[in-house]
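Architecture and fold: a report
Residue-level listing of the chains:
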Amino acid sequence: MESRKLANGTSIPAVGFGVFQISADATAQAVADAIAAGYRHIDTAQSYFNEAAVGEGIRRSGIAREDLFVTTKVWIDNYGEGSTRASIEESLAKLGLDYVDLFLLHQPFNDVYGSWRDLEKAYEDGLVRAIGVSNFTPARLHDLGSFNAVYPMVNQIEVNPFHQQTERVAQLQEHGVVVEAWAPFGEGRSGLFTNPVLSEIGAQYGKSVAQVVLRWLIQRGIVPLAKSVHAERMQQNLDVFDFELSAQDMEKIASLDEGSSLFFKHEDLGTVDYMKQLVEQRRK
Ligand code: NAP
């Protein structure tokens, strides 16, 4: 599979397999199936409650550790110096790995600075090969990178045809940050899989809407994270390296942008309230 380079020279496979909302029971098989289909990049998080199952899936696949790129993310409740370090060690134990390839701060809330210092230390100690953030605006990421030793290498944000984040992606890429797209299909919201513009473009190339979306992201220099529990779709979502969308088709897709999240806006006060509630609920 094609790959991209992070700022520290680490290679990251150009498409990742996401395991959000796959139950812990189904995750091991999904990960083993994804690896069998050709994925070499797996994206999980402490808050998905399936890190142990991801580890089981990796072992079941028989793949050599060095051939895989594994990402996980620190959950807000584990933010702060000391707490983040303990949570990194716990994630490694659950995954059954000596190191992860990429560790991200999952959300731009709570004690981001304290957590970042723990991520930097874990990076220095070789427990993680690269560090980054998720759901940060470019300004918040730039702040974190400017006043600390390590500049975030990745920002994982929502990018799909209805929420393209063009200016933010450009700002991040200009600063050498690799942008990963979560919910590249918007989880199917707003009729994405039957969108007439995307369907028509797909028909020209003999590709599905999902493949058109992934190809559009790849051509923007973005690393998409696609989730599926179906082996056939897993394969389909990797079969995106044998065609190229024309400039005209890229423009047609650009015209689909609605400029607003299909899920939540991280700059809204209500989102902070929601995250705080989630933390409190999970503590119970
Ligand atoms: P997504 O990948 O946009 O959409 C997944 C949905 O699309 C599933 O319902 C899946 O169905 C369907 N699908 C996948 N491939 C398809 C195809 N070829 N044809 C038709 N339907 C298809 O949504 P997501 O899981 O929310 O996002 C992807 C990954 O991004 C996550 O798994 C996670 O790793 C990451 N993520 C990160 C954050 C964050 O805050 N950092 C937030 C959300 C997600 P089936 O499974 O039934 O095939």
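Provided above is the structure to which this section pertains.
Bear in mind that the values here come from a model prediction, so they are computed numbers and not experimental data. (Residues numbered from 1 in each chain as written. Predicted model: local features only at pLDDT ≥ 70, side-chain atom pairs only at ≥ 80, totals over all residues. Heavy atoms only, no water.)

1. Quick look at the site of the ligand
Residues in contact with the ligand amount to 27 residues; listed here are only the nearest, Asp43, Glu187, Lys227, Ser228 and Arg233. Measuring from an oxygen atom of the ligand, one finds a side-chain N or O atom of Asp43 at 2.7 Å. Between the ligand and Lys227, the relevant distance is 2.8 Å, taken from an oxygen atom to a side-chain nitrogen or oxygen of the residue. Protein contact buries 89% of the 910 Å² of open area that the ligand shows by itself. The site holding the ligand turns out to be the largest pocket. Among the secondary structure elements, those contributing two or more residues to the shell around the ligand are β10 (223–226) and α9 (231–236). (Near = heavy atom within 4 Å. Polar contact = N/O pair within 3.5 Å; in protein donor to acceptor, adjacent residues only side chain to side chain. Areas by Shrake-Rupley, 256 points an atom, 1.4 Å probe, with all protein chains shown as cover. 1 Å grid on protein atoms, 1.4 Å probe; cavity = no way out; pocket = protein on both sides within 12 Å on 5 of 7 lines; lining within 4 Å. Sits in = over half its atoms within 2 Å of the grid points. Helix = DSSP H or I, 4+ residues; strand = E, 2+ residues; numbered from the N terminus.)

2. Focus: the packing of aromatic side chains
Enumeration over the complete set of coordinates arrives at six aromatic pairs. Judged by centre distance (5.4 Å) and plane angle (50 degrees), the rings of Phe185 and Phe193 are tilted. For Phe185, a relative accessible area of 8% translates into the label buried. Judged by centre distance (5.5 Å) and plane angle (55 degrees), the ring pair of Tyr205 and Phe243 falls under tilted. Placement of the pair is Tyr205 in helix α7 (residues 196–205) and Phe243 in the loop between α9 and α10 (247–254), with a sequence separation of 38 residues. Given a relative accessible area of 9%, Phe243 falls into the buried group. One Lys or Arg, Arg65, reaches over the ring of Tyr99 and ends 3.9 Å from the middle of that ring. Positioned above the aromatic ring of Phe243, the side-chain terminus of Arg215 is 5.9 Å from the ring centre. (Phe/Tyr/Trp six-rings, centres within 6.5 Å; stacked < 30°, edge-to-face > 60°. Buried < 20%, exposed > 50% of the residue type's maximum accessible area, 1.4 Å probe, protein only. Lys NZ or Arg CZ within 6 Å of the ring centre and 35° of its normal.)

3. Re the environment of Tyr99
Residue position: Tyr99 is located in the loop between α3 (83–95) and β6 (102–105). Residues Tyr99 and Val112, 13 residues apart in the sequence, show an inter-C-alpha distance of 22 Å. Excluding its chain neighbours within four sequence positions, the residues that come into contact with Tyr99 are Arg65, Glu66, Leu92, Gly126, Leu127 and Arg129. (Contact = heavy atoms within 4.5 Å.)

4. Some thoughts on the packing of α7 against helix α8 (residues 209–219)
Packing of α7 against α8 leaves a shortest axis separation of 8 Å and a crossing angle of 90 degrees. Judged on the interaxial angle alone, α8 and α7 are roughly perpendicular. Here Leu198, Ser199, Ile201 and Gly202 of α7 come into contact with α8, specifically with Val209, Val212 and Val213. A breakdown of the residues in the contact of α7 with α8 according to their chemical character gives five nonpolar, two polar and no charged. (Axes fitted to C-alpha atoms, helices over the stretch in contact; angles between N-to-C directions. Parallel < 35°, antiparallel > 145°, perpendicular 65-115°, else oblique. Nonpolar A, V, L, I, M, F, W, Y, C, P; charged D, E, K, R; others polar.)

5. A closer look at helix α5 (residues 138–146)
The set of residues buried in α5 consists of Pro138, Leu141, Leu144 and Gly145. An end-on view of α5 places all buried positions within 125 degrees of arc, on one side of the element. Looking at the buried positions of α5, the neighbouring elements they touch are β6, α4 (112–124), β7 (131–134), β8 (154–158) and α6 (166–174). (Arc of directions from axis to C-beta.)

Geometric values such as these leave the question of function open.
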